[in-house]
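Spelled out from the first residue to the last, the chains are:
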Amino acid sequence: GDSVTQMEGPVTLSEEAFLTINCTYTATGYPSLFWYVQYPGEGLQLLLKATKADDKGSNKGFEATYRKETTSFHLEKGSVQVSDSAVYFCALKDNNDMRFGAGTRLTVKP
Amino acid sequence: NAGVTQTPKFQVLKTGQSMTLQCAQDMNHEYMSWYRQDPGMGLRLIHYSVGAGITDQGEVPNGYNVSRSTTEDFPLRLLSAAPSQTSVYFCASSKGQELQETQYFGPGTRLLVL
């Protein structure tokens, strides 16, 4: 079945550092890909998405490109802030089936 | 708009007890779903509904029942709680079931089964 694998955390960075969180997927069809963010004590919020190959999703300085050839959707940000500290989930949706990665906890220190 | 609301926020049950987790949305969304979140495993889909009167199983449906009598509400029932059902439960909704639709999540219900 479909699955999502993302890099294990936790990830700790200093403010203004470059962030990459790797995400790869397996799918039988042509899924849409998502990054969700979860702040402490809250539900998940959509961060960005891409619906077809070579699409780039972007929001709040975060970017991810749908790479069909490498089945990847890596999340990047050029300069992280303390307020970016959260858990990040990569996800795919294929038909009515939505699959999430295990989540990567990011802590940004001043 | 309140978005997606869930009650209760926290619940403790004894093994064998039953309970219903409530979920409601006021966005007139057709698609609603329930997930459980366990450490190191991300979110796993329990059940989903593509509209009133229609429900289907997700990845981990055993031990849970759902119904969808109205567009707004999508309750999740545990008929006989087990310690393995200790988890954080999230309800989500989206406008439709198309691949590109964004899901909106509730704040979660933390369940502890003793």
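Predicted model only: the values in this text are computed from it and were never measured. (Residues numbered from 1 in each chain as written. Chains lettered and ligands numbered in written order. Predicted model: local features only at pLDDT ≥ 70, side-chain atom pairs only at ≥ 80, totals over all residues. Heavy atoms only, no water.)

Each helix and strand counted, chain B has zero helices and 11 strands in total. Counted from the first residue to the last, chain B has its helices and strands arranged as β-β-β-β-β-β-β-β-β-β-β. For 114 residues, the compact-globule formula gives about 13 Å, and the C-alpha radius of gyration of chain B, at 13 Å, lands near that figure. Dimensions of chain B along its principal axes, counting C-alpha atoms only, are 35 × 30 × 25 Å. Looking at chain B as a whole, 49% of its 114 residues are labelled buried. Partitioning the contacts of chain B with sequence separation of at least 6, the portion at a separation of at least 24 is 54%. Accessible area of chain B: about 5,200 Å², with a carbon and sulfur share of 50%. Each charge sign in chain B was given a centre, from 8 positive and 9 negative side chains, and these centres are 12 Å apart. (Helix = DSSP H or I, 4+ residues; strand = E, 2+ residues; numbered from the N terminus. Rg over C-alpha atoms; globule rule 2.2 N^0.38 Å. Buried < 20%, exposed > 50% of the residue type's maximum accessible area, 1.4 Å probe, protein only. Contact = heavy atoms within 4.5 Å. Areas by Shrake-Rupley, 256 points an atom, 1.4 Å probe, with all protein chains shown as cover. Lys, Arg positive; Asp, Glu negative; His and termini not counted. Charge placed at Lys NZ, Arg CZ, Asp CG, Glu CD.)

This part takes up the packing of aromatic side chains. Within this structure, the stated rule accounts for 10 aromatic pairs over all chains. Their ring planes at 20 degrees and their centres at 5.8 Å tell us that B:Tyr31 and B:Tyr48 sit as a pair that is stacked. In this pair, B:Tyr31 is assigned in strand β4 (residues 31-37) and B:Tyr48 in strand β5 (residues 43-51), connecting sequence segments 17 residues apart. Residue B:Tyr31 shares its accessibility class with B:Tyr48, and that shared class is buried. Here the aromatic cluster, defined as three or more aromatic residues joined through ring pairs, consists of A:Phe34, A:Tyr36, A:Phe100, B:Tyr35 and B:Phe105. Positioned above the aromatic ring of B:Phe74 is the side chain of B:Arg68, whose terminal nitrogen or guanidinium carbon lies 6.0 Å from the ring centre. (Phe/Tyr/Trp six-rings, centres within 6.5 Å; stacked < 30°, edge-to-face > 60°. Lys NZ or Arg CZ within 6 Å of the ring centre and 35° of its normal.)

Residues and elements named next belong to chain A. Spatially, β3-β9-β8-β7 is the arrangement adopted by the four strands of the open sheet, whose pairing is antiparallel. What marks the edges here is a single partner per strand, and that holds for β3 (19-21) and β7 (56-59). Within the sheet, the average angular offset between the axes of one strand and its neighbour, ignoring direction, is 15 degrees. As defined by bridge partners, β7 adjoins strand β8 (residues 62-65) across four bridges and the pair is classed as antiparallel. Of the residues in β8, the one forming a bridge with Asn59 is Phe62. (Pairing = 2+ DSSP bridges. Axes fitted to C-alpha atoms, helices over the stretch in contact; angles between N-to-C directions.)

We now examine a nonpolar patch on the surface. Residue and element names in this part refer to chain B. There is a patch of nonpolar side chains on the surface, built from Phe10, Val12, Leu112 and Leu114 and spanning about 360 Å² of accessible area. Counting through the fold element by element, Val12 comes out in strand β2 (residues 10-13). Given a relative accessible area of 37%, Val12 falls into the partly exposed group. (Patch = residues over 30% accessible without salt bridge, like charges linked within 9 Å, V, L, I, M, F, W, Y side chains within 5 Å. Salt bridge = Lys/Arg side-chain N within 4 Å of Asp/Glu carboxyl O.)

Size of an interface: often given as the accessible area lost when the parts come together. Across the boundary between the two partners, chain B contributes 23 residues, which contact 23 residues of chain A. A buried area of about 1,800 Å², summed over both sides, lies between chain B and chain A, and 50% of it is on carbon and sulfur atoms. Summed over the shared surface of chain B and chain A, the number is one salt bridge. One salt bridge connects B:Glu59 with A:Arg99, and the closest N-O pair in it is separated by 3.5 Å. Linking chain B with chain A are four residue pairs in polar contact (both at pLDDT 80 or more), by the criterion used here. Among the secondary structure elements, those contributing two or more residues to the side of chain B that touches chain A are β4 and β5 of chain B. For the side of chain B that touches chain A, the leading source of residues is β5(B), giving four residues. Class assignment of the residues belonging to the side of chain B that touches chain A gives a composition of 11 nonpolar, nine polar and three charged. (Buried area = accessible area lost by both parts, 1.4 Å probe. Polar contact = N/O pair within 3.5 Å; in protein donor to acceptor, adjacent residues only side chain to side chain. Nonpolar A, V, L, I, M, F, W, Y, C, P; charged D, E, K, R; others polar.)

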